[in-house]
Amino acid sequence: MRTIVWFRGKDLRVADHAPLRAALAGGGEVVPLFVVDPYFFAPERARAIAHRMQFLVDSLGELAEAIAARGSRLAVVAGRSVEVVPEVAERWRADRVVAQRWCEPFARERDRRVTEALAGAGRRLELLDGETLLPPATLRTKAGTPFAVFTQFARAFERATSQAGAAIAPPHAAPRALPALPRDVAADLRTRGAPLPTLASLGIAREPRLVPAGEAAAHARLRRFRRSRVAAYETARDRMDVDGTSRLSQDLHFGTLSIRAAWHAVADAKFRSELLWREFAHHTLWDRPAVLAEPFNAKWHGFPYRRDDRGWQAWVAGTTGYPVVDAAARQLLAEGFVPNRARMIAASFLTKHLLIDYRRGEAHYLAQLTDGDWANNNLGWQWSAGCGCDAQPYFRVFNPTTQGERFDPDGAWVRRWIPELGTDAYPAPIVDHAAARERFLATARDYLRRRSRSSEPAAPDTRGSAPSRGRRRTARPAPP
Ligand code: FAD
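All values reported here derive from a predicted model rather than from experimental measurement. (Residues numbered from 1 in each chain as written. Predicted model: local features only at pLDDT ≥ 70, side-chain atom pairs only at ≥ 80, totals over all residues. Heavy atoms only, no water.)

Trainee: Which parts of the structure should I look at to understand the overall build of the protein?
Mentor: Helices and strands together make up the secondary structure of the protein, namely 22 helices and five strands. Here the protein has a C-alpha radius of gyration of 23 Å; the compact-globule value for 480 residues is 23 Å, and the two agree. Projected onto its principal axes, the C-alpha positions of the protein cover 70 × 55 × 40 Å. A separation threshold of at least 6 residues defines the contact pool for the protein, and within that pool the share at least 24 residues apart is 82%. Total accessible area on the protein stands at roughly 20,400 Å², and carbon and sulfur atoms take up 52% of it. (Helix = DSSP H or I, 4+ residues; strand = E, 2+ residues; numbered from the N terminus. Rg over C-alpha atoms; globule rule 2.2 N^0.38 Å. Contact = heavy atoms within 4.5 Å. Areas by Shrake-Rupley, 256 points an atom, 1.4 Å probe, with all protein chains shown as cover.)

Trainee: What's the story with the environment of Lys142 in this structure? I'm lost.
Mentor: Tracing the backbone shows Lys142 in the loop between β5 (124-128) and α7 (150-162). Overall, Lys142 belongs to the exposed group, its relative accessible area being 91%. Between the C-alpha atoms of Lys142 and Ala442, which are 300 residues apart in sequence, the distance is 37 Å. (Buried < 20%, exposed > 50% of the residue type's maximum accessible area, 1.4 Å probe, protein only.)

Trainee: What am I meant to see in the sheet that holds strand β3 (residues 75-78) here?
Mentor: The strands making up a sheet are joined through hydrogen bonds of the backbone, oriented either antiparallel or parallel. Taking strand neighbours across the sheet as the criterion, the five strands line up as β3-β2-β1-β4-β5 in an open arrangement whose pairing is parallel. Two strands bound the open sheet, and with one partner strand each, they are β3 and β5. Averaged over all pairs of adjacent strands, the angle between their axes in this sheet comes to 30°, without regard to strand direction. With four bridges connecting them, strand β2 (residues 29-36) and β3 associate as parallel partners. Residue pairing for β3: Phe34 is matched across the bridge by Val76. Packing of helix α6 (residues 105-120) onto the sheet brings it into contact with β1 (2-7), β4 (96-100) and β5, and relative to β5 it is tilted by some 145°. Set on the sheet, helix α8 (residues 183-192) makes contact with β1, β2 and β3; between it and β3 the angle comes to about 40°. (Pairing = 2+ DSSP bridges. Axes fitted to C-alpha atoms, helices over the stretch in contact; angles between N-to-C directions.)

Trainee: Looking at this structure, I do not really get helix α20 (residues 400-407). What am I missing?
Mentor: Three or more residues of α20 are buried, namely Pro400, Gln403, Gly404 and Phe407. Along the axis of α20, the buried positions cluster into a sector of 100°, meaning they face one direction only. Of the exposed residues in α20, those oriented more than 90 degrees away from the buried face are Glu405 and Arg406. Against α16 (323-335), α17 (340-353) and α22 (433-453) lie the buried residues of α20. Its side-chain oxygen at 2.9 Å from the backbone nitrogen of Thr401, Asn399 defines the N-terminal cap of α20. (Arc of directions from axis to C-beta. Polar contact = N/O pair within 3.5 Å; in protein donor to acceptor, adjacent residues only side chain to side chain.)

Trainee: Explain helix α19 (residues 374-385) to me, please; I cannot follow it from the model alone.
Mentor: An α-helical turn contains 3.6 residues, so any two residues separated by three or four positions project in the same direction. End to end, α19 covers 16 Å across 12 residues, agreeing with the expected 16 Å (1.5 Å per residue, within 8%). Regarding α19, the residues found buried are Trp374, Ala375, Asn377, Asn378, Leu379, Trp381, Gln382, Trp383, Ser384 and Ala385. Residue Asp373 occupies the N-cap position of α19, its side-chain oxygen lying 3.2 Å from the main-chain nitrogen of Ala375. The first or second residue beyond α19 is Gly386, which carries a positive phi of 85°. (Expected span 1.5 Å × (residues − 1).)

Trainee: What is the right way to read the pairing of β2 from this model?
Mentor: Remember that side chains alternate between the two faces of the sheet whenever the strand is regular. Burial within β2 is extensive, with seven of its eight residues counted as buried. Each parallel crossover has a hand, and the one from β1 via helix α1 (residues 18-25) to β2 is right-handed. (Right-handed = clockwise from strand over helix to strand, strands pointing away.)

Trainee: Explanation requested: the packing of helix α15 (residues 309-317) against helix α18 (residues 358-368) in the structure shown.
Mentor: Between two packed helices, both the angle of their axes relative to each other and the distance between the axes serve to describe the pair. Closest axis-to-axis distance for the α15/α18 pair is 12 Å, and the angle between their directions is 30°. With respect to each other, α15 and α18 are oriented roughly parallel. Of the two elements, α15 crosses α18, and the hand of that crossing is right-handed. Here Asp309, Trp312, Trp315 and Val316 of α15 lie close against α18, whose contacting residues are Arg360, Gly361, His364 and Tyr365. Here the contact of α15 with α18 is composed, by residue class, of four nonpolar, two polar and two charged. (Parallel < 35°, antiparallel > 145°, perpendicular 65-115°, else oblique. Left-handed = near helix turned anticlockwise from the far one by under 90°. Nonpolar A, V, L, I, M, F, W, Y, C, P; charged D, E, K, R; others polar.)

Trainee: Help me understand the environment of Leu118 in this model?
Mentor: Assignment of secondary structure puts Leu118 in helix α6. Along the primary structure Leu118 and Asp95 are separated by 23 residues, whereas in three dimensions their C-alpha atoms are 9.9 Å apart. Those residues in contact with Leu118 that lie beyond four places of it in its chain are Val85, Pro86, Ala89, Val97, Arg123, Arg124 and Leu125.

Trainee: What is the right way to read the state of the cysteines from this model?
Mentor: Two cysteines joined by a covalent bond between their sulfur atoms form a disulfide. Under the counting rule described, the total for this entry stands at zero disulfides. Cysteine Cys389 is unpaired, with the sulfur of Cys387 as its nearest cysteine sulfur at 11 Å. For Cys389, a relative accessible area of 7% gives the class buried. (Disulfide = S-S within 2.5 Å.)

Trainee: Whenever I open this one, the nonpolar core confuses me. Can you help?
Mentor: Looking at soluble globular proteins, one finds that nonpolar side chains tend to be buried together. Of all hydrophobic cores here, the largest spans 73 residues; its most connected members are Phe41, Met53, Leu63, Leu74, Phe157, Leu257 and Phe280. At nine residues, helix α4 (residues 50-69) tops the list of elements feeding residues into this core. Apart from the residues within four sequence positions on either side, Leu257 is in contact with Arg13, Ala218, His219, Leu222, Leu248, Asp251, Leu252 and Ala262. Ranked by size, the runner-up nonpolar core spans 45 residues in total, among them Leu355, Trp413, Val431 and Tyr447. (Core = buried A, V, L, I, M, F, W, Y, C linked by side-chain atoms within 4.5 Å.)

Trainee: For this particular structure, what's the right way to read the layout of surface pockets?
Mentor: With a probe scaled to a water molecule rolled over the atoms, the places where space remains empty come into view. In this model, the second largest pocket occupies a volume close to 470 Å³. Around the second largest pocket, the lining comprises 28 residues; the ones closest to its centre are Asp37, Tyr39, Phe40, Ser81 and Arg110. Of all the secondary structure elements, the ones that give two or more residues to the lining of the second largest pocket are β1, β2, α2 (38-41), α4, α5 (81-91), α6 and α12 (249-254). The leading source of residues in the lining of the second largest pocket is α6, at five residues. Here the residues of the lining of the second largest pocket are counted per class, giving 17 nonpolar, three polar and eight charged. (1 Å grid on protein atoms, 1.4 Å probe; cavity = no way out; pocket = protein on both sides within 12 Å on 5 of 7 lines; lining within 4 Å. Points joined across faces, edges and corners; volume = space filled by probe spheres on them.)

Trainee: When you look at the packing of aromatic side chains in this model, what are you seeing that I'm missing?
Mentor: Between two aromatic rings, the relevant description is the distance of the centres plus the angle of the planes. For the structure on display, the rule yields 30 aromatic pairs. When the ring of Phe34 is compared with that of Phe41, the centres are 5.9 Å apart and the planes differ by 85°; the resulting orientation is edge-to-face. The class for Phe34 is buried, based on a relative accessible area of 4%. Three or more aromatic residues link up through ring pairs in this structure, and these residues are Trp300, Phe303, Tyr305, Tyr394, Phe395, Phe440 and Tyr447. Positioned over the ring face of Trp263 is Arg272, at 4.2 Å from the centre of the ring. The ring of Phe407 has Arg341 sitting right over it, with the charged end atom 4.2 Å from the ring centre. (Phe/Tyr/Trp six-rings, centres within 6.5 Å; stacked < 30°, edge-to-face > 60°. Lys NZ or Arg CZ within 6 Å of the ring centre and 35° of its normal.)

Treat this as a map of the structure, not an account of what it does.
In structure tokens:
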């Protein structure tokens, strides 16, 4: 039995890696493979996501070393995955290809096409779960539909995993050794292999302020969180001036740390609840792939967002005159990271104060965040805009000034990012908070009134039934 283990960029580790374990369990030959696909690695595409690309390229290099240290070698080939994977499987006479499942619609389409091409030659693509704690589509309401409310999803998760034998299994250690790369594959790679991508080959300048990449750094972050941050996590997580969170988001996105490893290392209820928001986002994307294109709440389809290029430029550059919004914008561009509270305030400001389409902000964050993740980012943006799955009610509009006073009480964080704060060089606010809030509420009320009078159906069938959120409107929902 010859198995190709197809590493695909969201599973960049050797520990607790289900496809690698499955290949080794087969007892035969194992070919670890990475495909340099132009979908991500065409230089202009790579440069558009430079922070993520740096983390990916560095993590990939470390993965190749970890595989080499265990006696094998990461086979690297270039080309479109849908063509290259069936080709190498044929040339290398592989019996099967194993990989970790992705939730994104474009990735599912890729997998469908690879499955079809492999099947044509009598081969299988085996997709194994591992990106989430439970496989997508396992949790359902009593009516058999996907959950649309986080607390109900979390309760169902708790019920499902507290049954005998159903607890989340502990993570597996990395294999000590791997079988050597088959000789014919090694020989083929001499002529048809590709080099590992580097930042230089992609034309990306290294950004030293990003978090260090790779599996070892991820485990170090997890240890640091356990040792010195978890005790105060519940209160510190909302502070923008305190490094009180795990900083594991890029690791969970790129798979330099398995989600089970994070779950088992930290039993803190608040932290686990954040991991469940991630779980909820991924399961939602699996069940409702249309959320990447349209608001989850069909009532918001066609909402009259404004095209305000001046406002957009100010929001991107961090010159709106609202220090918290501006610090978030500048930290994003410089470090590829923004604290969760600041993400919520900045997203709320863009969509409500400036009435700019959340999808513009979503795309900018996806491009600039090192942890840019289709599912989590979409949920975060739709939550903030008020149009999402279990979103913040639309009529709650963050006041960026009072939020700053609460969650950056000494102003240390905003001063770090806006050295000119308090001088003439810092711009006056581009909108007045009270007026902008009123404008948004009036626009939303008017739009929703017109929608409810129109004959359009409330929600397309594909979205499943959204349990009534009427009761929740009165209580302040826990932010994600
Ligand atoms: P911790 O507080 O230590 O949380 C632990 C882990 O739980 C995180 O690493 C993350 O995997 C998960 N998590 C925490 N909060 C959320 C959440 N609200 N939704 C889903 N998962 C969560 N997170 C991303 O991973 N990628 C994104 O692209 C992303 N975009 C966002 C955009 C907006 C507008 C908002 C409001 C939130 C976004 N988030 C995103 C969620 C959250 O802000 C980050 O996961 C978190 O700030 C990362 O820091 P941390 O790892 O220290 O988090």
